[in-house]
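# Structure assessment
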Amino acid sequence: MYAADTTEITQEPEGTGRSREISIGREFYSQAYVRSKDGKYVWKSPRTVGKWSNWQNLAGVVWGEDLINGINPGFLKLGASHDATSADGGTF
């Protein structure tokens, strides 16, 4: 996948946790925190709210140029160049 933006909100023992990760190509950005019921930050990464941690070429970040990838334009063109067939459950 070339780009993704995910947010997760969780209930932690200390309060509400929130993490957000954005990947664009081989770039990966993240920020996360846990905030108590009274609004104080119990934990945050990076340490300054509003800042982002940034990495490149992380092994866990999927790269959208992979040959077999449902959103790679080249792969979609290859799949679209063949006739469609149908089976129980839909069209392939």
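Residues numbered from 1 in each chain as written. Predicted model: local features only at pLDDT ≥ 70, side-chain atom pairs only at ≥ 80, totals over all residues. Heavy atoms only, no water.

## Some points on the overall build of the protein chain
The following threshold applies: The helix count covers DSSP runs of H or I at least four residues long, the strand count covers runs of E at least two residues long, and both are numbered beginning at the N terminus. Categorising residues by exposure relies on relative accessible area from a 1.4 Å probe, with only protein chains included: less than 20% of the type maximum marks a residue as buried, more than 50% marks it as exposed, and the intermediate range marks it as partly exposed. The contact rule is simple, with two residues in contact once any of their heavy atoms fall within 4.5 Å. Working definition of accessibility: Shrake-Rupley area with a 1.4 Å probe, residue cover restricted to the visible protein chains.
Along its length, the protein chain carries one helix and seven strands. Secondary structure elements of the protein chain occur, N-terminal to C-terminal, as β-β-β-β-β-α-β-β. Across the 92 residues in the protein chain, those meeting the buried criterion constitute 20%. The contacts in the protein chain between residues at least 6 apart in sequence include a share of 25% that link residues at least 24 apart. Of the roughly 7100 Å² that the protein chain leaves accessible, carbon and sulfur atoms contribute 55%.

## Notes on the environment of Trp52
Relative to the helices and strands, Trp52 resides in the loop between strand S4 (41-45) and strand S5 (53-56). Using a relative accessible area of 34% as the deciding quantity, one classes Trp52 as partly exposed. Separated by 32 residues in sequence, Trp52 and Arg20 have C-alpha atoms that sit 9.6 Å apart. Setting aside anything within four residues of it in sequence, one finds Trp52 in contact with Arg20, Ile22, Tyr29, Ser30, Gln31 and Pro46.

## As for the pairing of strand S2 (residues 15-24)
Put simply, the rule reads: A pair of strands counts as paired when DSSP detects no fewer than two bridges linking them.
Here strand S1 (residues 3-12) pairs with S2 via 10 bridges, running antiparallel. Residue pairing for S2: Glu12 is matched across the bridge by Gly15. A loop of two residues connects S1 with S2, the two strands running antiparallel in sequence. Across nine bridges, S2 lies against strand S3 (residues 27-35) in antiparallel orientation. Each bridged residue has a counterpart across the sheet, and for Ser19 the counterpart in S3 is Ala32. If you look at the hairpin formed by S2 and S3, you'll find two residues sitting between the two strands, and Gly25 has a positive phi there, around 60°.

## Re the packing of aromatic side chains
What counts is decided by this rule: Pairing of aromatic rings covers Phe, Tyr and the six-membered ring of Trp, with a centre-to-centre limit of 6.5 Å; geometry is then stacked below 30 degrees between planes, edge-to-face above 60, and tilted otherwise.
All told, the structure shown has two aromatic pairs when counted by the stated rule. Aromatic pair Phe28 and Trp55: ring centres 5.9 Å apart, planes at 35°, arrangement tilted. One end of the pair, Phe28, is in strand S3; the other, Trp55, is in strand S5, with 27 residues separating them in the sequence. Under the relative-accessibility criterion, Phe28 is labelled buried at 17%. Between Tyr33 and Tyr41, the ring centres sit 5.3 Å apart and the planes meet at 85°, which makes this aromatic pair edge-to-face. For Tyr41, a relative accessible area of 32% corresponds to the partly exposed category.

Read these as spatial facts, not as claims about activity.
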